[in-house]
Amino acid sequence: MLRRPGWLVLGSGWWEKVESMAPPSLRHLVTGGAGFVGSTLVDRLMEAGEEVICLDNYFTGCKANVARWIGHPHFELIRHDVTEPIRLEVDRIWHLACPASPRHYQSNPIKTAKTSFLGTYNMLGLASRVGARLLLASTSEVYGDPEVHPQPESYRGSVNPIGIRSCYDEGKRIAEALCFDYMRMHGTEIRVARIFNTYGPRMAPDDGRVVSNFIVQALRGQPLTLYGDGSQTRSFCYVDDLVEGLIRLMNGNHTGPINIGNPGEFTILQLAEQVLQRINPELPLTYLPLPQDDPLQRQPVIDLARAELGWEPQVTLEQGLGPTIAHFRSVLGLE
Ligand SMILES: NC(=O)c1ccc[n+]([C@@H]2O[C@H](COP(=O)([O-])OP(=O)(O)OC[C@H]3O[C@@H](n4cnc5c(N)ncnc54)[C@H](O)[C@@H]3O)[C@@H](O)[C@H]2O)c1
């Protein structure tokens, strides 16, 4: 039987369109699917009726993030490390497996570099063998500590190749290079998203990134820790906006690299003030020195995403902080 969306084969050989017949679903592999972004993507795919294989080694992710789908006939969960090859029959590969917060990726930098290089190499090998399209979750960290502000995709970056962040920054740069070499050598279908700071429910409370740090400290009644004088800037994208951008990129024709982020730029001090206003304005701030190679400013140019994907973020920082704080309240047992 031909799998053709919306059409039914009649005995006479004629085709009759049956509007109510659902199109056949694709089989999606989400590496890092038990993580913060990956599990939000898994929800979107499952809710759309797709088949999903979630693959994770649970380094920073956890089963609880995908627990609602365990037992669903369209869902499979595999414990696997992407540094090892795997054989699967899939149509789409969303390659997100990699620790994203400095605290985690610096805890074993050699493993992080292996995950970025070998993990992407193994997934591209799989994609080219089975003819799947692969989307790489790359990062704004490929721009390093940028001399160009805000950052368009054409900017080639300013990364310290031997610093404490380079396992991640250079890891993602070689992962991007591998994608384009697989496309040029083997015709592999690739999509590359450069993701800027993203926040939202399912962030781990111990991940050490600024949004989770501030919220967790404020909920625990502790002073908020600022590194430097708090004048460094970041842009913060709500996770639902990011996932929408990733889905449009995967489904569209543009290869990327393409920036997916929220161009609203805030100083770290402004973020601290917004968190305090919502949780406890009485709490003090404490200041510590800036970590090595911490970028001073970060803001995406998203003209390409607007033009190619018809995408731009819908959720402001003010709107996104509410559900994020509610998530941490629940994780910390403060409800
Ligand atoms: N969240 C952000 O702000 C952000 C920004 C830029 C890029 N990204 C990228 O998006 C992706 C997802 O990030 P996230 O914020 O959800 O991080 P996360 O740490 O919550 O998720 C990463 C997932 O990958 C899994 N993983 C790590 N190493 C693995 C390995 N070797 N084999 C199999 N699984 C492994 C972890 O257990 C976790 O479930 C990452 O590739 C990250 O680099 C995220």
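Residues numbered from 1 in each chain as written. Predicted model: local features only at pLDDT ≥ 70, side-chain atom pairs only at ≥ 80, totals over all residues. Heavy atoms only, no water.

> So what about the packing of helix H5 (residues 210–219) against helix H7 (residues 268–279)? Which residues, and what values?
Packing of H5 against H7 brings their axes to within 10 Å, and their N-to-C directions diverge by 35°. Every pair of crossing elements has a handedness; the one defined by H5 and H7 is right-handed. Contacts from Val210, Val211, Phe214, Ile215, Ala218 and Leu219 in H5 reach Ile268, Leu271, Ala272, Val275 and Ile279 in H7. Split into classes, the residues belonging to the contact of H5 with H7 amount to eleven nonpolar, no polar and no charged. (Axes fitted to C-alpha atoms, helices over the stretch in contact; angles between N-to-C directions. Helix = DSSP H or I, 4+ residues; strand = E, 2+ residues; numbered from the N terminus. Left-handed = near helix turned anticlockwise from the far one by under 90°. Contact = heavy atoms within 4.5 Å. Nonpolar A, V, L, I, M, F, W, Y, C, P; charged D, E, K, R; others polar.)

> Could you give me a rundown of the sheet that holds strand E5 (residues 75–79), with the residues and numbers involved?
The strand order across the open sheet built from seven strands is E5-E4-E3-E6-E7-E8-E13, with neighbouring strands paired in parallel fashion. The two strands at the open ends of the sheet, each matched to only one other strand, are E5 and strand E13 (258–260). Across the sheet, the mean angle from the axis of one strand to that of its neighbour is 20°, orientation sign disregarded. Two strands pair when backbone bridges link them, and strand E3 (residues 27–31) and strand E6 (residues 92–95) are joined in this way by four bridges, in the parallel orientation. Among the inter-strand pairings, Thr31 is bridged to a residue of E6, identified as His95. Its contacts with the sheet put helix H1 (residues 36–47) on E3, strand E4 (51–56), E5 and E6, and the angle it makes with E3 is roughly 170°. This element, helix H6 (residues 239–251), spans E6, strand E7 (133–139), strand E8 (190–195) and E13 of the sheet and lies at about 160° to E8. (Pairing = 2+ DSSP bridges.)

> Report on the confidence of the model for the protein chain, specifying residues and quantitative values.
Averaged over the protein chain, the pLDDT score is 92; the fraction of residues at 70 or greater is 93%. A low-confidence stretch, residues 1–21 stays under pLDDT 50, and its non-local contacts, those more than four residues away or across chains, total 23 contacts. (pLDDT = per-residue confidence, 0-100.)

> Describe the layout of surface pockets, naming the residues involved and giving the relevant values.
Considering only enclosed or pocket space, the second largest pocket measures out at about 200 Å³ in volume. What lines the second largest pocket is Val142, Tyr143, Glu153, Ser154, Tyr155, Arg156, Arg173, Glu176, Ala177, Phe180, Arg194 and Pro257. For the lining of the second largest pocket, the element with the highest residue contribution is helix H4 (residues 166–186), accounting for four residues. (1 Å grid on protein atoms, 1.4 Å probe; cavity = no way out; pocket = protein on both sides within 12 Å on 5 of 7 lines; lining within 4 Å. Points joined across faces, edges and corners; volume = space filled by probe spheres on them.)

> Account for the side chain of Thr31, naming residues and giving values.
The residue Thr31 is located in strand E3 in this model. When its relative accessible area of 0% is taken as the criterion, Thr31 is described as buried. Not counting residues up to four positions away in its chain, the partners in contact with Thr31 are Leu55, Val82, Trp94, His95, Leu96, Ala97 and Met123. (Buried < 20%, exposed > 50% of the residue type's maximum accessible area, 1.4 Å probe, protein only.)

> Any details on the site of the ligand? Residues and values, ideally.
Contacts to the ligand come from 29 residues, most closely from Val37, Asp56, Thr60, Leu96 and Tyr168. A distance of 2.8 Å is found between an oxygen atom of the ligand and a backbone nitrogen or oxygen belonging to Val37. Separating an oxygen atom of the ligand from a backbone N or O atom of Phe59 is a distance of 2.9 Å. Relative to its unbound accessible surface of 820 Å², the ligand loses 97% to contact with the protein. Secondary structure elements with two or more residues in the shell around the ligand: H1, E7 and H4. Ranked by residue count, the leading element in the shell around the ligand is E7, at three residues. Counted by class, the shell around the ligand contains 14 nonpolar, eleven polar and four charged residues. (Near = heavy atom within 4 Å. Polar contact = N/O pair within 3.5 Å; in protein donor to acceptor, adjacent residues only side chain to side chain. Areas by Shrake-Rupley, 256 points an atom, 1.4 Å probe, with all protein chains shown as cover.)

> Describe the environment of Glu312, and please don't skip the residues or the numbers.
Within the secondary structure, Glu312 sits in the loop between helix H8 (303–309) and helix H9 (317–331). Through-space distance from the C-alpha of Glu312 to that of Val42 is 21 Å; in sequence the pair is 270 residues apart. Side chain to side chain, Glu312 and Arg306 meet in a polar contact 2.6 Å long.

> Go over empty space enclosed by the protein with me, naming the residues and quoting the values.
Tallying each qualifying case throughout the model produces one cavity of 30 Å³ or more. Broken down by secondary-structure element, the contributors of at least two residues to the lining of the largest cavity are helix H3 (109–130) and H4. It is H4 that provides the largest number of residues to the lining of the largest cavity, a total of three residues.

> Tell me about the pairing of E7, and please be specific about residues and values.
The buried fraction of E7 is high, at seven of seven residues. Burial along E7 is two-sided: Arg133, Leu135, Ala137 and Thr139 facing one way and Leu134, Leu136 and Ser138 facing the other are all buried. Pairing analysis gives four bridges linking E6 to E7, with the strands arranged parallel. Residue pairing for E7: Arg92 is matched across the bridge by Arg133. Handedness of the crossover joining E7 and E8 through H4 is recorded here as right-handed. (Right-handed = clockwise from strand over helix to strand, strands pointing away.)

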